[in-house]
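# Architecture at a glance
One-letter residues, chain by chain:
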Amino acid sequence: MQKFTRLAIKPMNFSYFTFLVALSIFLISAPIQSQDTIASPVEAQLQDRLSVFLDCNACDNSYLRQEIDFVNHVRDPQLAQVHLFITSQRAASGGRVFTLSFIGKDEFSEVNNTLTYTSVPSNTRDEEREGLGTMIELGLVSYLAHTSLAEEIIVDIPGDFAGTSAARVDPWNNWVFELYGGANFYKESSKGSLDLRYGASADYVTPEWRIRLRPYFNYNRDDYIRDEEEVRSVRHRNGFQGRVVRSISDHWSVGVFPSLTINTYENIDLGYRIAPAIEYSLLPYKLALRKEYTIAYSIGYVYRDYLEETIYGRTEETLYNHSLNLGVRVLQPWGTVWGGVEGSHYLHDLSKNRLSLDTNVSVRIFKGFSVDFSADYDYVQDQLSLPRGDASLEEVLLGQRQLATTYGVSVAVGLSYRFGSIYNNIVNTRL
């Protein structure tokens, strides 16, 4: 495991008299006190500590609050002197890259810092959270140096780092491979099911190239017994997805996207598509961890061989289509915004088109209160593979074939409000 500089904070000393005073106040006080109550010595020391708001959805927050116990972990960013905003992305090697943004507030408003911690694929969950905790401690030093804890900080750098600057040899040359598989089986007297899924992926990622090769296989079978007659529904969804992208500048990328599909639900016996694409990022790609605004265009050659004759009288056809995609992704301490608009149509008939809008917004409105909103809409006019004839009731109920539609909509809204004690240092995992 990678080694990091260790930061140690000497434990705070509580005198025996202080302990008796705190215990006495606890025993004679009601559980809820008015705001005018004089703070106990323990509360006073808590208030003298650095107040930190840990903002990370991908972290083991309970562990971090427990281990980093020399600060006050507050429940709301408005109450913090330091807002620690952590984002993570999956690394090409299979590990995770965490970006730690330390945002100073109040008297630390001019003190901001950004650190990066990389967890390698071989790390266990415990090793990952320990390494992240060490990096958080390191980032807090610039704030602790201006507090009463400055004299308690000890920095210990192991001496075995000398002579470790030799370049490491990567026998896989940045390629990462994955094999996966799974099965679900269910059975009762009148019905049963079997689901199989397996596949592989190969990824190659460097600053200049991003390559992904992914074959996949899915088999779904449902059995029903009605009046001693067995009805079986079988669906196959197999294929291959590929991506080869080349970075040509801080803002431009080009690529090609080959794909192959066998999908009984969509009436496709064999289909493939080859689509060159180009993308422009309004901001440099190096800022994409926090903000991303992109425009992408692709044009593709499509071939399909159908299982049944389509509603347009085709058993196979060659097509050309193109698409334009606008994407926005913003991760900020006040919330997150993700959205995309994609329009596409077939070149032989402009009426065969599709428009998709996807949005997801989470915003902190005020202290403790946040709103989450998501909405997806699809305007569908390009279902060229629909089989001729009406679907039977059994085909509809068993989900054996795709049905005609002109649109699809989904909306979700959520509210949350947190209130109570401003301190959140205590961790209790019992039961």
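Analysis parameters
- Residues numbered from 1 in each chain as written.
- Predicted model: local features only at pLDDT ≥ 70, side-chain atom pairs only at ≥ 80, totals over all residues.
- Heavy atoms only, no water.
- Helix = DSSP H or I, 4+ residues; strand = E, 2+ residues; numbered from the N terminus.
- Expected span 1.5 Å × (residues − 1).
- Buried < 20%, exposed > 50% of the residue type's maximum accessible area, 1.4 Å probe, protein only.
- Core = buried A, V, L, I, M, F, W, Y, C linked by side-chain atoms within 4.5 Å.
- Contact = heavy atoms within 4.5 Å.

## Comments concerning helix 4 (residues 125-144)
- Over its 20 residues, helix 4 extends 28 Å from the first C-alpha to the last, a length consistent with the 28 Å expected when each residue adds 1.5 Å.
- Glu128, Gly131, Leu132, Gly133, Thr134, Met135, Ile136, Glu137, Gly139, Leu140, Tyr143 and Leu144 are the residues of helix 4 that are buried.

## Points about unusual backbone geometry
- A positive phi is found at aspartate 106, a non-glycine position, where the angle reads about 55°.
- Mapping aspartate 106 onto the fold places it in the loop between strand 5 (96-104) and strand 6 (112-119).
- What makes aspartate 106 exposed here is its relative accessible area of 55%.
- If you check the backbone angles, asparagine 267 has positive phi at about 65° while not being a glycine.
- By secondary structure assignment, the location of asparagine 267 is in the loop between strand 12 (252-263) and strand 13 (268-281).

## Remarks on the nonpolar core
- Counting residues in each nonpolar core, the largest one holds 27 residues, and the members touching the most others are Leu50, Ile86, Leu100, Ile136 and Leu140.
- Taken together, the elements giving at least two residues each to this core come down to strand 2 (51-55), helix 3 (61-67), strand 4 (82-90), strand 5, strand 6 and helix 4.
- Per-element tally for this core: the top contributor is helix 4, with six residues.
- Not counting residues within four places of it along the chain, the set of residues in contact with isoleucine 136 comprises Leu64, Ile68, Leu84, Ile86, Leu100 and Phe102.
- Residues Val302, Tyr306, Leu319 and Leu384 belong to the second largest nonpolar core, which totals five residues.

## Quick notes on the environment of glutamate 178
- By secondary structure assignment, the location of glutamate 178 is in strand 8 (residues 175-187).
- C-alpha of glutamate 178 to C-alpha of alanine 200: the two residues are 22 residues apart in sequence and 5.5 Å apart in space.
- The contact partners of glutamate 178, leaving out residues within four places of it in the chain, are Gly199, Ala200 and Ser201.

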